[in-house]
Amino acid sequence: MIELHHLTKRYGDKLAVDDLSFRIPEGVVTGFLGPNGAGKSTTMRMILDLDHPTGGEVTIDGKRYAEIQDPLRQIGALLEAKAVHPGRTAYDHLLWLAQSNRVPRARVDEVLDLVGLSAVAKKRARGFSLGMGQRLGIASALLADPQTLMFDEPVNGLDPEGILWIRNLMKRLASEGRTVFVSSHLMSEMALTADHLVVIGRGRLLADLPMAEFIKRNSRSAVRLRSPQPERLLDVLHGAGLAAEPGPDGSWEVVDGDPAALGELAAAHGVTLHELSPQQASLEEAFMQMTAESVEYRTGGHPGAPAAPGTPGAPAAPASASAPVWGAGWNDRPSGKES
Ligand code: ADP
Ligand code: MG
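Residues take numbers from 1 onward in each chain, read along the sequence in its written order. As they are written, the chains are lettered A onward and the ligands numbered 1 onward, keeping that order. Only residues with pLDDT of at least 70 are given local features in this predicted model, and only at 80 or more are side-chain atom pairs given and counted; all residues enter the totals for whole chains, interfaces and linings. Only hydrogens and water are set aside when side-chain values are computed; all heavy atoms of the structure are taken into account.

Draft legend 1. Expanded view of the confidence of the model for the chain. Values of pLDDT, ranging from 0 to 100, describe the predictor's confidence in every residue of the model. Per-residue confidence for the chain gives a mean pLDDT of 85; residues scoring 70 or more make up 85%. Every residue in residues 297-323 scores below 50 in pLDDT, and together they form 41 contacts with partners more than four places removed in sequence or on other chains. In this model, residues 328-339 is a region of pLDDT below 50 whose contacts with residues beyond four sequence positions or in other chains number 31 contacts. The criterion used for residue contact is that any of the two residues' heavy atoms lie within 4.5 Å.

Structure follows, in structure tokens:
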């Protein structure tokens, strides 16, 4: 288990990581989500002691990185920047790593096989595609069979086959009881991979909760009904025992409604409909809304996610310093309940 205690990193007057405290449990994939510049890589570098915190500390299974006897056997990582000599073959790179860490030579063939690089093991790294480079990085991380694994944006630039492979690998590593911590700036990717979710924006913790909980809170679906006779429509809905919430332009929204049944109901009562449309708030929208105020560089004129007006299920974005952190669960913080 990795624990962060008030971890802070300042570069000049820039606060890259701002008082982060959370735990990364074993046996599950924990997704580390945040827009570009949120502080994910900086946090991961500090976990590996590649960068020194301005404040706070990180422990891995209760120990600081510097106190760990054999760090490579404890924690393996794939960071963004590749650190493979271009003139070295995949095999030689791994052999050099194995020998300098007292890992048996046979393990090199094992990990090459595990990541699917056996056929190109004797090829120089300079000829590797991005996907092959990622696989080699993962082979290095797995070499000493560590209990904890960390991957910084591992699917960036990969093709769908490579993405699926990495996703399944992370799930398998977690199912073996390991701690798996993976970063991404893509909600959609995290939703498919992670069991637990930690969201940061501008270095600050925004959410820390089980993925299922995040999905439950944010995947509200509803049917929007708009009629020139809105009051009559509401009476008909109520008469059928359906609750309706006000939507935009005088419309009504029935949460988890069935479009066909609602259309039939309106027709049976002679209510004219000008709109009958299923509404689905996407997880991507929920994430963008949550981080809207913490995005550093925004592409032209997109003010975060346009929260579908009249989406009462959508929680407010906790963007200010005093805002509650979403979630509870393993980290024993007060839960950021929807207001
Ligand atoms: P992420 O990985 O979430 O995209 P980073 O951790 O790379 O974010 O960066 C967080 C912030 O810290 C950014 O504003 C970035 O410009 C800044 N930063 C990161 N590394 C350095 C550094 N070595 N020197 C100065 N600023 C840095
Ligand atoms: Mg990064």
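Having seen the model, we can carry on.
Draft legend 2. Main features of the pattern of salt bridges. Take a side-chain nitrogen of Lys or Arg and a carboxyl oxygen of Asp or Glu: if they are within 4 Å of each other, that pair is a salt bridge. Considering all chains together, one arrives at 14 salt bridges under this definition. Linking R167 and E189 is a salt bridge whose minimum nitrogen-to-oxygen distance equals 3.0 Å. A residue pair is termed long-range when its members are at least 10 positions apart, and R167 in helix α6 (residues 160-175) and E189 in helix α7 (residues 187-193) qualify at 22 residues. A 1.4 Å probe rolled over the protein chains alone gives each residue an accessible area, and that area as a share of the maximum for its type sets the label: buried under 20%, exposed over 50%, partly exposed in between. Judged by relative accessible area, which is 15%, R167 ranks as buried. A salt bridge links E176 to R178; its shortest N-O distance comes to 2.7 Å. Residue classification places E176 among the partly exposed positions, given a relative accessible area of 44%. Helix numbers and strand numbers start at the N terminus; a helix is a DSSP run of H or I with at least 4 residues, a strand a run of E with at least 2.

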